[in-house]
Amino acid sequence: MKRFKPTLTFILLICISLSIEAQVPEAALDNVRNNYASEKIFIHYDKACYVAGETIWFKAYFLSGFLPSTLSTSISVDLVNDSGRVTDRKILPIINSVANGSFELPRNAGQKNYTVRAYTRYLMNFGKNSFYYQQIPLFNPSSQTNNSVPQKEFSFYLLPESGNLVAGINNVVAFKCTDQWGYPAEAKGNVINSSGAIITSFSSAHDGMGKFNVTPVAGETYTAVTRVGGASEINKILPAANASGTSLSIQKTNGKTYFVVNSETVFNENLQPAYILAVMEDAVIFKTSFPDGQKNFKGEIPVASIPGGIMQLTVFTKANQPLAERLLFINNQDYVAGGKLSTELVSTDDRAKNSYSFELADSLSGSFSVSVTAADKEIKQIGTDNIISRFLVTNDLKGYVHNPAYYFEGDEEERKNNLDLVMLTNGWRKFSWNEILSARLPSVTYKDAGYITLQGSAFDENSGKRLSETSLSVYIKTKDSLNDMIILPVTKEGTFNLPGLIFRDTATMFIFNSGSKNKRTVLQPATLTISALFNVASPSFMVSPMPLRLRDGTEKIKNLYSSVLSNLENKSILLSEVKLKANTKSATRLLEERYIKSALFSSYAAKTLDLVNDRNAANTSTNIFEYLKGRLSSVTITGSAGNYFINYRNSMNLSSGLLSMDLFLDEMPTSTLQVATIPVSQIALVKVFSSGFVGSAGNGPGGAMAIYTKRGDDTYNVTAMDNTFRLKLEGYSSVKEFFSPDHSSGKTATSNMDYRTTLYWDPYLQTDPSNKKISFSFFNADQVKKFKIVLEGMTADGKLVHVERLVE
């Protein structure tokens, strides 16, 4: 995608020197671009609609201008019911301009349209209209929800092409007809004057939209008499025509696109058009000045050299007063990242394996997600969206755009003309020129926190005084099995700042002052939790709930719901069997299975100390080495903090004497210095290996010791040391892992039926300059003879990928 510098300007036809005042719009745009950069969100779902009891998997992509957005580090994704209540919320980290998550739908969820609402702290500054919204149909045939569709009410909108009607010249008037939920309604009718004479006729060309031409007379009243759906009649008075004014229109001739400015009726020199400004993503794309006194001006728009997206054309006076405005979509497809989806193995047989690969045309870093769904079990909905239509169209327009993906499914002239009707009938979501030029812009009060940040003050518990110019040892254990040791500086004023934390669910921090073992440090946090950050002045949710509209009958929904329940029951039975088998093993053995990842540490004979299940395990020792002294007959530990020496059975070398044991922390080589900083309360297992352990360098002639730190719930079964302060932190929302069964052994007589409708979901696909190819494989479910593959993504230079394929 082409990147434009803020100063880039195309001069069309005739350009004249401009006064200092004429630079004001460009300078005002600089302020918008530098302080109010746009942030757009697109979410790829594993499928378009759901049945109660299923899981919604999703991946969010972020764009700012023409490039992946780096404005935010966290996002709130809310699931909102039709009454505006948030039924579930996920706070997720944004890493490399993407985030992924999931919603688990309860089995008793009502049958209705839910809405996914997504926003960042940055977007909260600009109100709810800047948020991402997407309606998600949820079906539940057992629900008692009243899904009767109320009687339709229709609205008819008239929108002059350049914003106003001007008397005495030809004007283009666009129109749009919708029902009360925003769905399009076909309309046709006549425009009549005050005497009832028909001036012109019209009919909708696409999705309730159309346009007609009219040359109004000043002082005359015109009415559009409209028939909707062949029955309802709507009478709508056209906007009053100005006796004097400037019109702006777009003409397409012989493959070229022109803007046409007409000011024949303007005689006030102060209202004469002086120049036209073309803006895209808050940057000037071109500027053309008009010769003094010229009433008509036509200029070619250099479409081939302009990036794809919505361009705003505005005509200004010499005093920088906007006179007329028009939106135009530039569709030269430079926003598409070239690539090819290839079939490596395909079969629609029950439980058959399928393999595909996607290769980018260019060697670029990129992030992608792929979903494969059972197309013959899909509940078809009206209207679709994808990463291209969302980022290039719907994110920049107000109101509901019906079926935006349609406009990018082909390159026919009719489709382009229909997209131009969207430009004519939907409002501009960004700032108006009046707001920009008068500097009436919102204050940016909601700041991105930089992931999870802990700030506050540190105190000595006994004296109550603030600590000053010292360092604290902070050991962090997360519920998703991550751990870290951090040295946290304390300022002279006794404050601390720990930014940039990324973890799921919760984390427990153990803080102690290693320089004063007998003093207990207390932290007083001053920052909000990650979820509270998104509750601050959270705007109310206001949307008219649309009724569920189906192309399929209720019988198909009932069958699908029954299949989903069967799948859930089958998983419950499988989990029960696994749990029953696991309970026959000892507690220590189960603990080892949870902690030991590498075969090197499980297949070799070793002595094991279980500090989780041993209720008599003391935790008052200053560190694990002090705790182990005298507890292992084969191990000798000498020295003190910072200078421990560990020896196995007096093993020695003729040249260097006693040998030190190799030391591992969570199966990674470490040192006694690092391990000595970990509280005993956070140690789960200690394993001692004899000489010759193959996991050590040189086959471990001095033996080896593997120490495992506690994970998950194990961290809550302990009490901190006397001089250790424990603090629990809220993390990001957990993400349910997608279950992709392995059917390589085929179907047996005792196999449960596989009724999955999402056959595959992977939000973690990536390319880089050295590898531009990604591959994925999946097994088909039972009774699926047609499946749909949807791959979405974005490259590091902001180019977009949307690939859709139906296999049958």
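Residues numbered from 1 in each chain as written. Predicted model: local features only at pLDDT ≥ 70, side-chain atom pairs only at ≥ 80, totals over all residues. Heavy atoms only, no water.

> Quick question: what am I supposed to make of the overall build of the protein chain here?
The helix and strand tally for the protein chain stands at eight helices and 46 strands. Going through the 808 residues of the protein chain one by one, you find that 52% of them count as buried. Taking the intrachain contacts of the protein chain between residues at least 6 apart in sequence as the baseline, contacts between residues at least 24 apart amount to 71%. Of the accessible surface of the protein chain, which amounts to about 36400 Å², a share of 49% is contributed by carbon and sulfur atoms. (Helix = DSSP H or I, 4+ residues; strand = E, 2+ residues; numbered from the N terminus. Buried < 20%, exposed > 50% of the residue type's maximum accessible area, 1.4 Å probe, protein only. Contact = heavy atoms within 4.5 Å. Areas by Shrake-Rupley, 256 points an atom, 1.4 Å probe, with all protein chains shown as cover.)

> Just checking my understanding: could you explain the nonpolar core for this structure?
The nonpolar side chains of a soluble globular protein tend to be buried, and buried together. Within the largest apolar cluster, 56 residues are counted, with the highest numbers of intra-cluster contacts made by Ile-43, Tyr-45, Ile-75, Val-77 and Met-509. Aside from chain neighbours lying at most four places away, what touches Ile-75 is Ile-41, Phe-62, Lys-90, Ile-91, Leu-92, Ile-94, Ala-99, Ala-118, Tyr-119, Thr-120 and Phe-534. Leu-63, Leu-327, Tyr-406 and Phe-408 belong to the second largest nonpolar core, which has 28 residues in total. (Core = buried A, V, L, I, M, F, W, Y, C linked by side-chain atoms within 4.5 Å.)

> Which parts of the structure should I look at to understand the side chain of Ser-97?
Relative to the assigned elements, Ser-97 resides in the loop between strand 6 (86–93) and strand 7 (98–104). Residue classification places Ser-97 among the buried positions, given a relative accessible area of 8%.

> Where do I start with the sheet that holds strand 27 (residues 452–460) in this structure?
Neighbouring strands of a sheet are bound in pairs by backbone hydrogen bonds; such pairs are parallel or else antiparallel. On the basis of which strands lie adjacent, the open sheet formed by three strands has the order 30-27-32 and antiparallel pairing. The open sheet has two free edges, formed respectively by strand 30 (495–501) and strand 32 (521–525), since each of these has just one partner strand. Here the strands of the sheet are splayed against their neighbours by 35° on average, with no regard to which way each runs. Judged from the five bridges that link them, strand 27 and strand 30 form a sheet pairing that is antiparallel. Looking at the pairing, Gln-455 lines up with Asn-497 of strand 30. (Pairing = 2+ DSSP bridges. Axes fitted to C-alpha atoms, helices over the stretch in contact; angles between N-to-C directions.)

> Just checking my understanding: could you explain the sheet that holds strand 42 (residues 725–730) for this structure?
The four strands are arranged 29-28-31-42 in an open sheet whose pairing can be described as antiparallel. One side of each edge strand has no neighbouring strand; the edge strands of this open sheet are strand 29 (483–490) and strand 42. In this sheet, neighbouring strand axes are inclined to one another by 25° on average, regardless of whether the strands run parallel or antiparallel. Relative to strand 42, strand 31 (residues 506–512) is paired through six bridges, and the arrangement is antiparallel. Directly across from Phe-510, in strand 42, lies its bridge partner Arg-726.

> Looking at this structure, how should I read the side chain of Asn-386?
Secondary-structure assignment places Asn-386 in the loop between strand 26 (366–374) and helix 2 (387–392). Among the polar contacts made by the side chain of Asn-386, one reaches the main-chain amide nitrogen of Ile-388 at a distance of 2.9 Å. Among residues more than four places away in sequence, those in contact with Asn-386 are Phe-42, Ala-405, Glu-792 and His-802. (Polar contact = N/O pair within 3.5 Å; in protein donor to acceptor, adjacent residues only side chain to side chain.)

> Please clarify how helix 1 (residues 24–35) should be interpreted in this entry.
Each turn of an α-helix holds 3.6 residues, which means side chains three or four residues apart point in the same direction. Compared with an ideal rise of 1.5 Å per residue, which puts twelve residues at 16 Å, helix 1 spans 17 Å between its outermost C-alpha atoms and is within 8% of the ideal. When we look at burial in helix 1, the residues that qualify are Pro-25, Glu-26, Ala-28, Leu-29, Val-32 and Arg-33. Projected down its long axis, helix 1 shows its buried positions confined to an angular sector of 160°, all on one face. Residues of helix 1 that are buried make contact with strand 19 (275–280), strand 20 (283–289), strand 22 (309–316) and helix 4 (433–437). (Expected span 1.5 Å × (residues − 1). Arc of directions from axis to C-beta.)

> It is not clear to me how the pairing of strand 31 should be interpreted in this structure. Could you clarify?
Each regular strand displays side chains that alternate between the two surfaces of the sheet. Along strand 31, seven of the seven residues are buried, which leaves the element largely enclosed by surrounding structure. Residues Thr-506, Thr-508, Phe-510 and Phe-512 point to one face of strand 31 and Ala-507, Met-509 and Ile-511 to the other, with burial holding for every one of them. In this structure, strand 28 (residues 470–478) lies alongside strand 31, joined through six bridges in antiparallel fashion. Its bridge partner being in strand 31, Ser-473 is matched across the sheet by Phe-512.

> Would you take a moment to explain the packing of aromatic side chains for this structure?
As enumerated under the stated definition, the model contains 33 aromatic pairs in all. Ring centres of Phe-156 and Phe-202 lie 5.9 Å apart, and the angle between their planes is 25°; this geometry places the pair in the stacked category. Of this pair, Phe-156 sits in strand 10 (residues 154–160) while Phe-202 is found in strand 13 (residues 198–203), placing the two residues 46 residues apart along the sequence. Each member of the pair Phe-156 and Phe-202 is classed as buried. (Phe/Tyr/Trp six-rings, centres within 6.5 Å; stacked < 30°, edge-to-face > 60°.)

> I'm lost on helix 6 (residues 587–595) in this one. Help?
All of the buried residues along helix 6 are Leu-591, Glu-592 and Tyr-595. Buried residues of helix 6 fall within an arc of 100° about the axis and therefore sit on the same side. The inward-facing, buried residues of helix 6 abut strand 33 (606–610), strand 40 (683–689) and strand 41 (704–709).

> What's the story with the confidence of the model for the protein chain in this structure? I'm lost.
Interpreting fine coordinate detail is not advised for predicted regions of low pLDDT. Looking at the protein chain, pLDDT values average 84 and 84% of them are 70 or higher. Contacts for the low-pLDDT stretch residues 1–23, under 50 throughout, to residues beyond four places or in other chains number 56 contacts. Contacts of residues 716–721 to residues separated by more than four positions or lying in other chains number 16 contacts, the stretch itself having pLDDT below 50. (pLDDT = per-residue confidence, 0-100.)

> I would appreciate a short explanation of unusual backbone geometry in the present structure.
Negative phi values dominate among residues other than glycine, just as trans dominates among peptide bonds. Even without being a glycine, Asn-320 presents a positive backbone phi close to 65°. You can see Asn-320 is positioned in the loop between strand 22 and strand 23 (322–330). Taking the relative accessible area as the measure of exposure, Asn-320 reaches 8% and is therefore buried. Positive phi is not limited to glycine here, since Arg-649 has a value of about 45°. As for its position among the elements, Arg-649 is in the loop between strand 35 (645–648) and strand 36 (652–653).

> Mind showing me how you'd approach the pattern of salt bridges here?
A side chain of one charge can pair with a side chain of the opposite charge if their charged atoms are brought near each other. Counted by the stated rule, this structure contains 26 salt bridges. Asp-88 is the salt-bridge partner of Lys-90, the closest N and O atoms lying 3.8 Å from each other. The class of Asp-88 is partly exposed, set by a relative accessible area of 21%. Its salt-bridge partner being Asp-782, residue Arg-351 comes within 3.0 Å of it at the nearest N-O pair. (Salt bridge = Lys/Arg side-chain N within 4 Å of Asp/Glu carboxyl O.)

> Looking at this structure, I do not really get the environment of Phe-154. What am I missing?
With respect to the helices, strands and loops of the structure, Phe-154 is situated in strand 10. Taking the C-alpha atoms as reference, Phe-154 lies 9.3 Å from Pro-184; in sequence the two are 30 residues apart. For Phe-154, the residues in contact, after removing those within four places along its chain, are Thr-178, Asp-179, Ala-185, Val-228, Ser-232 and Ile-234.

> So what exactly am I meant to see when it comes to the environment of Ser-305 here?
Within the element layout of this structure, Ser-305 appears in the loop between strand 21 (296–300) and strand 22. The spatial distance from the C-alpha of Ser-305 to the C-alpha of Asp-334 is 9.7 Å, given a sequence separation of 29 residues.

> Which parts of the structure should I look at to understand the environment of Gly-731?
Mapped onto the elements of the fold, Gly-731 is located in the loop between strand 42 and strand 43 (758–767). For Gly-731 and Leu-501, which are 230 residues apart along the polypeptide, the C-alpha to C-alpha distance reads 8.7 Å. Gly-731 has contacts with Ile-452, Phe-503, Arg-504, Asp-505, Thr-506 and Ile-530, leaving out every residue within four places of it along the chain.

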